[in-house]
Amino acid sequence: DVKVTQSSRYLVKRTGEKVFLECVQDMDHENMFWYRQDPGLGLRLIYFSYDVKMKEKGDIPEGYSVSREKKERFSLILESASTNQTSMYLCASRGGGAGTEAFFGQGTRLTVV
Amino acid sequence: AQSVSQHNHHVILSEAASLELGCNYSYGGTVNLFWYVQYPGQHLQLLLKYFSGDPLVKGIKGFEAEFIKSKFSFNLRKPSVQWSDTAEYFCAVNAPGNTDKLIFGTGTRLQVFP
């Protein structure tokens, strides 16, 4: 059974903290994604990685950075957490090719206080 | 800006009613289209996809979608909904020029009452 695992289901952090969200996939997929999901706004792409050490900005990269040192792991970093980054964060992975399915993790609900 | 639009934000139906959820995209060129579903408390999962060929695509749980290139649309349909179809539905497009980047719409929340 394919799996995308996010390290935490719930996180509470203080304003100004550096926050790491981890995601691991076991499908040897080239592509990994970080989205944030907010009511009424759907899924917005933060960053996308198409290979180890390769990344591309999505629609809302401000305030975030990413790291992909190994193929199976994709980390999202909030350099200095702010309250407007309170959200549900979803990680996904996908094989190469336009018609391939993306597989999602369960999500991390981050609250910044 | 290039985007994916879902105009129905919240749909409420009774069981056995027919369903159609709209999805429009603004990308030119060849696109690949997807519908994902998120049941309460669960992760997103693929419902169906259009890659090429027959524009009428059938998916799981009796869902289907029709790709109409001239209208830039990929609407999701089901002839008779069930209470278990209560979920949030997301349309997604594979961005042309970058075949691996997936862009999602804003989602439609469907509530089905018995």
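Residues numbered from 1 in each chain as written. Chains lettered and ligands numbered in written order. Predicted model: local features only at pLDDT ≥ 70, side-chain atom pairs only at ≥ 80, totals over all residues. Heavy atoms only, no water.

Engineer: An account of the pattern of salt bridges is requested, with residue identities and associated values reported.
Structural biologist: Between side chains of opposite charge, a pair can form when the charged atoms approach closely. This model, assessed by the stated rule, comprises ten salt bridges over all chains. Put simply, A:Glu69 and A:Lys53 hold a salt bridge, and the shortest N to O gap is 2.5 Å. Highlighted residues: A:Glu69 in strand β7 (residues 64-70) and A:Lys53 in the loop between β5 (42-51) and β6 (54-57), separated in sequence by 16 residues. Both residues of the pair, A:Glu69 and A:Lys53, belong to the exposed class. Here B:Lys101 and A:Glu56 are joined by a salt bridge, their closest N and O atoms 3.3 Å apart. Here the residue B:Lys101 occupies a position in the loop between β10 (87-94) and β11 (102-104), and A:Glu56 occupies one in strand β6, the pair thus bridging two chains. Take B:Lys101: its relative accessible area is 14%, and that puts it in the buried class. On the accessibility criterion, A:Glu56 (25% relative accessible area) is partly exposed. One network of salt bridges, with partners in common, ties together B:Lys58, B:Glu64, B:Glu66 and B:Arg77. (Salt bridge = Lys/Arg side-chain N within 4 Å of Asp/Glu carboxyl O. Helix = DSSP H or I, 4+ residues; strand = E, 2+ residues; numbered from the N terminus. Buried < 20%, exposed > 50% of the residue type's maximum accessible area, 1.4 Å probe, protein only.)

Engineer: Summarise the pairing of β6(A); cite the residues concerned and give the values.
Structural biologist: Residues and elements named next belong to chain A. Across three bridges, β5 lies against β6 in antiparallel orientation. Considered in β6, the bridge of Phe 48 is made with Glu 56. Here β5 folds back onto β6, and the loop between the two strands holds two residues, one of which, Lys 53, carries a positive phi near 65°. (Pairing = 2+ DSSP bridges.)

Engineer: Tell me what's going on with the interface of chain A and chain B, and back it up with residues and numbers.
Structural biologist: Contacts between the two partners involve 26 residues from chain A and, on the opposite side, 23 residues from chain B. Interface of chain A and chain B: buried area, both sides summed, is about 1,900 Å²; carbon and sulfur atoms make up 51% of it. Looking only at chain A, the three residues that lose the most surface to chain B are A:Leu43, A:Ala98 and A:Phe104, adding up to 25% of its buried area. The interface formed by chain A and chain B contains one salt bridge. Linking chain A with chain B are seven residue pairs in polar contact (both at pLDDT 80 or more). For the side of chain A that touches chain B, the elements supplying multiple residues, two or more each, are β4 (31-38), β5, β6, β9 (87-94) and β10 (102-104) of chain A. Classifying every residue of the side of chain A that touches chain B by side-chain character gives ten nonpolar, eleven polar and five charged. (Contact = heavy atoms within 4.5 Å. Buried area = accessible area lost by both parts, 1.4 Å probe. Polar contact = N/O pair within 3.5 Å; in protein donor to acceptor, adjacent residues only side chain to side chain. Nonpolar A, V, L, I, M, F, W, Y, C, P; charged D, E, K, R; others polar.)

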